[in-house]
Amino acid sequence: MSEQVQDLPAQKKQRDGLDLLDFFCKGWRPHALILVALLACALPGFIALQPLDRDESRFVQATTQMFETDDFIRISFQDEPRNKKPIGIHWLQAATAGPLNGPEARTIQTFRIPSLLGAALAALCVFQIGTLLYSRRVGLVAGLAIACGLLLSTEAGIAKTDAALAGFTALAYLGLAKLRLPAAGQATDWAPWALWVGLGMAALIKGPIGPLLVILSGLMLLAWERDFAWVKRALHWPSMLVAAVIVLPWYIAIWQATNGQFFFDAVGQDLAPKLSGQSENKSVPPGAHLLLSPVIFWPGSILIPLALWTAWRDRKDARVRFLLAWLVPGWLMFEAAPAKLAHYTLPVHGAVLLLGAIGLFSGGWKTAWLRWTSIAILAFGTLIMAAQPVALAADVAKGAQTIALQASLTIGLIGIVALVLVIRQSRWAAGALVGTAIVASLAIKGLFVPSIPQLDLSQRVSSALEKEGLHPRLSPGKPGPLIGAGYQEPSLIFLTRSDSALSSVKAAVAAAKPGVGLVVNADPNFEVPLVEGLAQKGLSVTWRGAPLPGLNYSKGDEVTLKIGEVVAAPKRIQASGPQR
């Protein structure tokens, strides 16, 4: 009897928490809550960060050049074909950047909108899959976990393919989940449309990756269950025709425009090196994604032990088999590939979080060892997140220790509060975890990183050029292009002009003419040969402003840049001798 009385407070806390969760599960509330949480975590970086990721700058520059050349078939970065990823993300970026303020404004946020929308689609589809298979409670917890997760909320603010791919892949899995249900309905149901539109858009955004994941999942289900009924429902010719219309016209057009070179380059120079371990990303042993999971899922990483427990306990449940088929082949494929980046596994994160949410509501949290393992993983992820600003400041921003310490302390304190509420099984624990993710996003992506001038070197150069009247795009009447050597970041090309000649001393000298702006690495290996080359062409440099120190973050090297204007070299006046 005394044990039952002692258990009453814990039971009341759990009941109160479920009542609060049920309130948010009704009607439109879960959709709104997921979107608000995603926006709160994604917008700080979306708004505050200038182009930092090199891939982002390449993508948006290539999209900008499509407007400049009126060629929306071929993908180029300056004069070089960019035969790596299909056209999908560029068309989506063009659809947002063009109508809003035009690509010539080079406003990075307008190019990031497709990533934000893709992340929203991914989170909402995870919610719908959880609702379809289990309940709105399961769907809401998993949807919030992926929306607030470090990886998806970060990719939502970067103008490249990954968030959009995650969104359309999740849409395809939503259709597949519906098709597998016994009451899936006839072929006119929405499920095949979701499946095939998701597959078509995924193929147009990142080639075979999205469709391959879904195909591997389907093959695993067929081998496991020997049930072909859902395959017949999936073979719905109107939706398959729509997928073909999405994909084939551009694939045919790019084959004709490049004589097939796009496909040879995409496979031979992008996909094959990643599979063989010879890409620019170093080969990493299997298991790296698993080791990163406490951080990239954070704070949803609390669900990882529950997901593993659910996967084993309920492996004979058809619903869990579907989630395992979504998770296992894709995760193993990414672990087996030599090249590994943290965002590669993003399309299968929904399966992990759904399994974890199922375990949360089916007794897993009542098991002491499982609960404390989950708390330990959450604590580890929180520690890493809190340490990030201080570690980054010590590495690249030695003048930003104060704001770094403030950011770390803020994340640490709110993280401790959340941990205490989780340990006490408070009804506010879930809200505290969401709040921790929002605070961490605001502190790191909204305040700390934008305050590091070393990381914002391209934007500082662009602003200095405009201040000195040397900006090739923003300074009235200024001839182009911008020339220079020793710093050729794609972000600077995007912020200035597409024909900027920054690749080498030779290219800079060839493009030089009086009146153009110049940016050069102050290292004598770049500055001296550039000045000498200009002199041979009858030109010289008038330096403007103070040198700009910063970090070439893609290489990790400190760099100091000098800004100047190319002018005609003064003619030498030869002294005349005495006349006889």
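Trainee: Would you mind going over the overall build of the chain with me for this structure?
Mentor: Tallying secondary structure elements over the chain gives 24 helices and 6 strands in all. Relative to the 2.2 N^0.38 estimate, which gives 25 Å for 580 residues, the radius of gyration of the chain is 27 Å and therefore close to what a compact globule would have. For the chain, buried positions account for 53% of its 580 residues. Of the roughly 26,000 Å² of accessible surface on the chain, a fraction of 64% belongs to carbon and sulfur atoms. Both charge centroids of the chain, one from 50 positive and one from 37 negative side chains, sit 4 Å from each other.

Trainee: Help me understand a nonpolar patch on the surface in this model?
Mentor: Taken together, the side chains of Val390, Leu405, Leu409, Leu413, Ile416 and Val420 make up a nonpolar region of the molecular surface, amounting to roughly 540 Å² of accessible area. When residues in the nonpolar patch are grouped by element, the largest group, 5 residues, is from helix H19 (residues 401-423). As for its placement among the helices and strands, Val390 is situated in helix H18 (residues 368-396). Classification of Val390 by relative accessible area gives partly exposed; the value is 38%.

Trainee: Any chance you could explain the environment of Thr496 here in plain terms?
Mentor: Tracing the backbone through its elements, the reader meets Thr496 in the loop between helix H22 (490-495) and helix H23 (505-511). Separated by 23 residues in sequence, Thr496 and Arg473 place their C-alpha atoms 6.0 Å apart. For Thr496, the residues in contact, after removing those within four places along its chain, are Arg106, Leu465, His471, Pro472, Arg473 and Leu482. Here Ser500 takes part through its side chain, which lies 3.1 Å from a polar atom of the side chain of Thr496.

Trainee: Explanation requested: the pattern of salt bridges in the structure shown.
Mentor: When the charged atoms of two side chains with opposite charge come close together, those side chains can pair. Within this structure, the stated rule accounts for 18 salt bridges. Between Glu468 and Arg544 there is a salt bridge; the shortest N-O distance is 3.8 Å. Here the residue Glu468 occupies a position in the loop between helix H21 (457-467) and strand S3 (483-485), and Arg544 occupies one in strand S5 (residues 539-552), the gap between them amounting to 76 residues. Looking at Glu468, the relative accessible area reads 26%, which means it is partly exposed. For Arg544, a relative accessible area of 23% translates into the label partly exposed.

Trainee: Just checking my understanding: could you explain the packing of helix H15 (residues 304-313) against H18 for this structure?
Mentor: Two numbers describe a pair of packed helices, the interaxial angle and the distance between the axes. At a closest axis distance of 8 Å, the pairing of H15 and H18 adopts a crossing angle of 140°. On the basis of the axis angle, H15 is oblique to H18. On the side of H15, the interface is formed by Pro305, Leu306 and Trp309, while H18 contributes Trp369, Leu370, Thr373, Ser374 and Ile377. Taken together, the residues of the contact of H15 with H18 break down into 6 nonpolar, 2 polar and no charged.

Trainee: Looking at this model, I keep getting lost on unusual backbone geometry. Mind explaining?
Mentor: Most peptide bonds take the trans form, and the phi angle of most residues other than glycine is negative. Omega for the bond connecting Trp298 with Pro299 falls within 30 degrees of zero, at -5°, which places this linkage in the cis form. Locating Pro299 in the fold gives a position in the loop between helix H14 (288-296) and H15. We note that Asp70 has phi near 60°; this positive angle belongs to a residue other than glycine. Tracing the sequence through the fold places Asp70 in the loop between helix H3 (54-69) and strand S1 (76-77). Classification of Asp70 as exposed rests on a relative accessible area of 63%. In the Ramachandran plot, Arg106 falls in the positive-phi region, its phi being about 55° despite a non-glycine side chain. By the element assignment, Arg106 lies in the loop between helix H4 (88-101) and helix H5 (108-133). By relative accessible area, Arg106 is classed as buried at 4%.

Trainee: Just to check I follow, could you spell out the packing of aromatic side chains for this structure?
Mentor: Two numbers describe a pair of aromatic rings. These are the distance of the centres and the angle of the planes. Counted according to the given criterion, the structure contains 13 aromatic pairs. Ring centres of Phe262 and Phe263 lie 5.5 Å apart, and the angle between their planes is 85°; on these two criteria the pair is classed as edge-to-face. Geometrically, the ring pair formed by Phe322 and Trp326 is tilted, given 6.4 Å between the ring centres and 55° between the ring planes. With Phe322 and Trp326 both in helix H16 (residues 318-336), this residue pair falls 4 residues apart, about one helical turn. Across the pair, exposure class does not vary: Phe322 and Trp326 are buried alike. Every member of this aromatic cluster is reached through a ring pair, and the members are Trp250, Tyr251, Trp255, Phe262, Phe263 and Phe264. Positioned above the aromatic ring of Phe23, the side-chain terminus of Arg29 is 4.0 Å from the ring centre.

Trainee: Before we go on, may I ask you to explain H5 in this structure?
Mentor: Turn by turn, an α-helix covers 3.6 residues, leaving residues three or four places apart pointing in a common direction. The first and last C-alpha atoms of H5 sit 39 Å apart over 26 residues, in line with the 38 Å expected at 1.5 Å per residue. The sharpest bend along H5 measures roughly 30° and falls at Pro114. Burial within H5 is extensive, with 19 of its 26 residues counted as buried.

Calculation notes
Residues numbered from 1 in each chain as written. Predicted model: local features only at pLDDT ≥ 70, side-chain atom pairs only at ≥ 80, totals over all residues. Heavy atoms only, no water. Helix = DSSP H or I, 4+ residues; strand = E, 2+ residues; numbered from the N terminus. Rg over C-alpha atoms; globule rule 2.2 N^0.38 Å. Buried < 20%, exposed > 50% of the residue type's maximum accessible area, 1.4 Å probe, protein only. Areas by Shrake-Rupley, 256 points an atom, 1.4 Å probe, with all protein chains shown as cover. Lys, Arg positive; Asp, Glu negative; His and termini not counted. Charge placed at Lys NZ, Arg CZ, Asp CG, Glu CD. Patch = residues over 30% accessible without salt bridge, like charges linked within 9 Å, V, L, I, M, F, W, Y side chains within 5 Å. Salt bridge = Lys/Arg side-chain N within 4 Å of Asp/Glu carboxyl O. Contact = heavy atoms within 4.5 Å. Polar contact = N/O pair within 3.5 Å; in protein donor to acceptor, adjacent residues only side chain to side chain. Axes fitted to C-alpha atoms, helices over the stretch in contact; angles between N-to-C directions. Parallel < 35°, antiparallel > 145°, perpendicular 65-115°, else oblique. Nonpolar A, V, L, I, M, F, W, Y, C, P; charged D, E, K, R; others polar. Phe/Tyr/Trp six-rings, centres within 6.5 Å; stacked < 30°, edge-to-face > 60°. Lys NZ or Arg CZ within 6 Å of the ring centre and 35° of its normal. Expected span 1.5 Å × (residues − 1). Bend = angle between axes of the 7 residues up to and from the residue.

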